[in-house]
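The residues making up each chain are set out below.
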Amino acid sequence: MGRKQVIFIALLIAILVLLPVVVKKDNIINLALLVLLYICLASSWNILGGYTGQTNLGHAAFFGLGALSTRFLWMSGWSLLPSVLAGGLLAVAFALLIGIPAFRLRGVYFAIGTLALAQILYITVGNVFSDISSLRPQDLATYQLVPRYYFFLVLALLITGTTYLLVNSKLGLGMMAVREEEEAAESLGVSALKHKLLALSISAFFAGLSGGAFAYYHVGYYPRFPFSPEWTFDSMMMVYIGGAGTIIGPIIGALFFVVVRELLALKLVELHLIVFGILFILVVLFLPGGFVEAWKKMQAAFARRSKERGVKVSFQTTDD
Amino acid sequence: MRARLVTMMVVVFLVSALVTNCAPTPTQAPPTEVVKPTETPKATEAAKPTETPKPTEVSLPPAPEFIEVGASIPLTGKFGSLGTQVKPGYVFAVQDINAAGGVYVKEYGKKIPIRLTIYDDESDPTKAVSKLETLYAEQNVVAYLGGAGSDMHAATAAIAEKNKVPYLGIAFALYSIHQQGYKYLFSPFPKSPAQARDVFEILNAEIPEGERPTKIAIFQEKTDWGKELCGLWKENAPKYGYEVVVYEQYAPKTEDFSDMILKAKAAGAEALFGMPTQPDGVAMFKQMAELGWTPKFSLIIRAPENVTWGETLGTVGEYVTIFPGWHHGEKFPGVEELNAKYQAEFGRPADLLTGPAYACVQILANAIERAGTLDRDAIRDAIAATDMMTVVGPVTFNADGTGNVLNPLIQWQNGKLELVWPKDQATADFFYPAPPFDQR
């Protein structure tokens, strides 16, 4: 990481830290919080989907389990952090439980298997926990968005930072080797199952923590809601819009997805879904590698042009 | 590397704990900036003007241009079919009030028009929360109008409580939302206790003793409302001389009801109570016809409210009764005009949820006028003290925010939804007993 990049990241973090101090409007803080929530969720999906090449269509199950256990423990009087941590660990336990049989499946079968498991959990939770989980009036009287915003900010930094360290480690290289060619990786002594299980566990842990943070944030919802498949598909879309298998991709994807959709919803009301859908199709069609790849291509084209111009100038100089 | 990873995670977690506990407290000053709404209702001629009291000679503060009211409605997504019934009710009511110059606010000594801003929350509680925060921060609304479905109200009513903004919501019968101690939630819509009581009172009033369907089968959906309402039916039945012979539970989106139906048939059940969603209800009745069990009386809330019930089931869907909350055949002041407007725009009389939505705005306008100010707490107190006539009939509120409103019973007859109770409002006679499916 270059010095310029470090300064840019430090500046960005400083802006995010100062945002609630400068902006006093709850709707802006709420929007920023939602962006952070989706950064957490999309980045956690990216660890398994983007870096390890395993398309997980059941990510909402980990998010939901984190939300379910955190809400239950927190509302029963536990302090927040142990509750959230318990949510993350429960998600890991479930991931390990399903991981070993699920990783016997590959490609589309793995994707379908995870989707089926998540749907089973969604329906079961809906049947077993059918009552609304709302904050009590005394909780609402003291409810503040700002601590929740900071909680998500720290979580987003934790997930992004961990992903950065992970992809630059031996473990991360192993994960990427599995993504590129599983058989080749195995032949070089990289255990595909071990790497996939580790990636799944880390991904589930962060999704569980994100679910826990969601339980801390949301004022009233049915326990089945965080298990709904939209959480998985929205996260996936964000990763692909931004750039799968990159650190910055899920961040850009979440920013684009949440902010653009919200702005369209506020300005166009009934037409916003159509417009957003068209916009999404255009991004997928013309930027197949997401914004990150488009940026890299632009940089490469710019460098090539500069080089050509440089050569031309030097030729002209020689002629003179 | 692994050690670095673990160290970093521990450090960030500790920082997280610190930040969460030491986070500054935000101030929630209402913003002064008022953003242009996406929708400004146009005034029409259909309104009933109210007399504007003469202004007093005391110097009054400058009046705002509009009374800002906001609504987050599911216009798309799984509750979209409900939200699209609710929206015209709000819009038409605001149009009618504005056509008469708006609402008289004593504090400013003049009538001020209502500006209603509506957002689509896509049937997503998180997006609904976001929309209500925007309405509060950007539009500085004096009141919220709710969407549809208990999923949505659970989230939005809590935000209203948090922001201390009066909230009027319909299209949910769940009573437990009102039992949480919320102060700002009001709902002029029949709730489970009324639905669980009225069905027995209607049956006893309409059917002579000896002919009543005293053996009841209850098919309970495994949801909070299902648990609440079916539990109350079961509890009330013996008090009115009825016996619950079958009480079965099923998960939403169940496709096979045959076991439950056969149990009801074997137990000799004469009446069926339930609240299935549209697909569940259609599957249930198709299988009842196939298995040859016809209840003499069916109270099925929710599924048959949609016009597609009659189209899909034909004669099998006939004679089913519903507690919809309202019907366009009611004879209260304003219903005829509302139907005419709805007919002109949509080619049919007002939908079942449109009347209660219209009433919400009537109640709010009346409360603002009585409060004489745009202060949210004063408006909240005025709503709580409501005692007025609306398109859904007379309305008052209980301390928990539930409305004391009429709970009409409607019935599918000849492919139409007819109002059958109360008798003074009825558009058709109550039909009982329902003939067997194979003789229709």
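When you look at the overall build of chain A in this model, what are you seeing that I'm missing?
Of regular secondary structure, chain A possesses 14 helices and two strands. Here chain A has a C-alpha radius of gyration of 22 Å; the compact-globule value for 320 residues is 20 Å, and the two agree. The burial tally for chain A puts 49% of its 320 residues in the buried class. Considering only residue pairs separated by 6 or more positions, chain A has 78% of its internal contacts joining residues 24 or more positions apart.

It is not clear to me how the pairing of strand β16 (residues 409-413) of chain B should be interpreted in this structure. Could you clarify?
Side chains on a regular strand alternate between the two faces of the sheet. All names here are of chain B. A large share of β16 lies buried, amounting to four of its five residues. Note: strand β12 (residues 320-322) against β16, two bridges, orientation antiparallel. Within β16, the residue paired with T321 across the bridge is Q411. Strand direction decides the pairing type here: β16 and strand β17 (residues 416-421), joined by five bridges, are antiparallel. Within the sheet, the bridge partner assigned to I410 lies in β17 and is L419. Where β16 folds back on β17, the antiparallel hairpin that results is connected by two residues, among which N414 adopts a positive phi of roughly 50°.

So what exactly am I meant to see when it comes to the packing of helix α7 (residues 258-266) of chain B against helix α8 (residues 278-291) of chain B here?
Each pair of packed helices gets described by two things: the angle between the helix axes and the distance between those axes. Residue and element names in this part refer to chain B. For the pair α7 and α8, the least separation of the axes is 10 Å and the interaxial angle reads 50°. Judged on the interaxial angle alone, α8 and α7 are oblique. Classified by chirality, the crossing of α8 by α7 is right-handed. Where α7 abuts α8, its residues S258, I261, L262 and K265 lie against Q287, M288 and L291. Its residues assigned to classes, the contact of α7 with α8 shows four nonpolar, two polar and one charged.

Can you help me understand the sheet that holds strand β13 (residues 387-390) of chain B in this one?
Two orientations exist for strands paired in a sheet by backbone hydrogen bonds: parallel and antiparallel. Residue and element names in this part refer to chain B. Reading across from one edge, β13-β14-β15 is the order of the three strands in this open sheet, with antiparallel pairing throughout. On the outer flanks of this sheet lie β13 and β15 (403-404), each paired with one strand and no other. By the bridge criterion, four bridges tie β13 to strand β14 (residues 393-397) in an arrangement that is antiparallel. Residue M389 lies in a different strand from β14, and its bridge partner there is P394. Its contacts with the sheet put helix α11 (residues 354-371) on β13 and β14, and the angle it makes with β13 is roughly 140°.

I keep staring at the pairing of strand β1 (residues 67-73) of chain B and nothing clicks. Help me out?
Residue and element names in this part refer to chain B. Within β1, seven of the seven residues are buried, leaving the element largely enclosed by the surrounding structure. Of the two faces of β1, the one holding I67, V69, A71 and I73 and the one holding E68, G70 and S72 are both buried throughout. The pairing of β1 with strand β4 (residues 114-120) spans seven bridges and is parallel. Bridge pairing in β4 places A71 opposite I118. Note: β1 against strand β5 (residues 143-145), three bridges, orientation parallel. Across the sheet, the residue bridging to A71 is L145, located in β5.

Just to check I follow, could you spell out the nonpolar core for this structure?
Generally speaking, nonpolar side chains in soluble globular proteins are found buried as a group. Grouped together as the largest cluster of nonpolar side chains are 141 residues, with contacts concentrated most on Y90, Y144, L364 and I368 of chain B. No other element matches the 11 residues that α11 of chain B contributes to this core. Here this core gathers at least three residues from each of two domains, domain 1 (67-190 + 329-404) and domain 2 (192-322 + 408-439) of chain B. One finds A61, L73, A118 and A213 of chain A within the second-largest nonpolar core, a separate group that totals 85 residues.

Could you clarify how one ought to interpret the sheet that holds strand β7 (residues 185-186) of chain B in this entry?
All names here are of chain B. Taking strand neighbours across the sheet as the criterion, the five strands line up as β4-β1-β5-β6-β7 in an open arrangement whose pairing is parallel. Strand pairing shows two members of the sheet lacking a second neighbour, β4 and β7, which therefore form its edges. Across the sheet, helix α2 (residues 80-99) is in contact with β1, β4 and β5; its angle to β4 comes to roughly 165°.

Is there a simple way to think about unusual backbone geometry in this case?
With the exception of glycine, most residues fall at negative phi, and the peptide bonds are largely trans. Residues and elements named next belong to chain B. In the segment running from W421 into P422, the intervening peptide bond is cis, with an omega of 5°. Backbone torsion omega between Y432 and P433 reads -5°, so that peptide bond is classified as cis. A positive phi angle, close to 70°, is found at K253, a residue other than glycine. Along the polypeptide, K253 turns up in the loop between β9 (243-250) and α7.

How should the domain arrangement of chain B be read in this particular structure?
Interface size is commonly expressed as the accessible area that is lost once the parts come together. Residue and element names in this part refer to chain B. Segmentation of chain B into domains returns domain 1 (67-190 + 329-404) and domain 2 (192-322 + 408-439). Between the C-alpha centres of domain 1 and domain 2 there is a distance of 30 Å. Taken together, the contacts link 11 residues of domain 1 with 13 residues of domain 2. Here the residues of the side of domain 1 that touches domain 2 sort into five nonpolar, four polar and two charged.

Teacher, can you tell me more about the environment of D400 of chain B here?
Residues and elements named next belong to chain B. Locating D400 in the fold gives a position in the loop between β14 and β15. When the C-alpha atoms of D400 and Q411 are compared, they prove to be 30 Å apart, with 11 residues separating the residues in sequence. Apart from the residues within four sequence positions on either side, D400 is in contact with H178 and Q179.

Looking at this model, I keep getting lost on the packing of helix α2 (residues 26-49) of chain A against helix α7 (residues 145-167) of chain A. Mind explaining?
Residue and element names in this part refer to chain A. Interhelical geometry of α2 versus α7 gives an angle of 25° and a closest axis separation of 9 Å. On the basis of the axis angle, α2 is roughly parallel to α7. Helix-helix and strand crossings are classified by hand; for α2 and α7 the assignment is left-handed. For the pair α2 and α7, the contacting residues are D26, I29, N30, A32, L33, L36, L37, I39, C40, S43, S44 and I47 in the first and L145, V146, R148, Y149, F152, L153, L155, A156, I159, T160 and T163 in the second. Of the residues in the contact of α2 with α7, the class split is 16 nonpolar, five polar and two charged.

Analysis parameters
Residues numbered from 1 in each chain as written. Chains lettered and ligands numbered in written order. Predicted model: local features only at pLDDT ≥ 70, side-chain atom pairs only at ≥ 80, totals over all residues. Helix = DSSP H or I, 4+ residues; strand = E, 2+ residues; numbered from the N terminus. Rg over C-alpha atoms; globule rule 2.2 N^0.38 Å. Buried ≥ 20, exposed ≤ 12 C-beta atoms within 10 Å, placed from the backbone. Contact = placed C-beta atoms within 7 Å. Pairing = 2+ DSSP bridges. Axes fitted to C-alpha atoms, helices over the stretch in contact; angles between N-to-C directions. Parallel < 35°, antiparallel > 145°, perpendicular 65-115°, else oblique. Left-handed = near helix turned anticlockwise from the far one by under 90°. Nonpolar A, V, L, I, M, F, W, Y, C, P; charged D, E, K, R; others polar. Core = buried A, V, L, I, M, F, W, Y, C linked by C-beta atoms within 7 Å. Domains from an automatic or database assignment.

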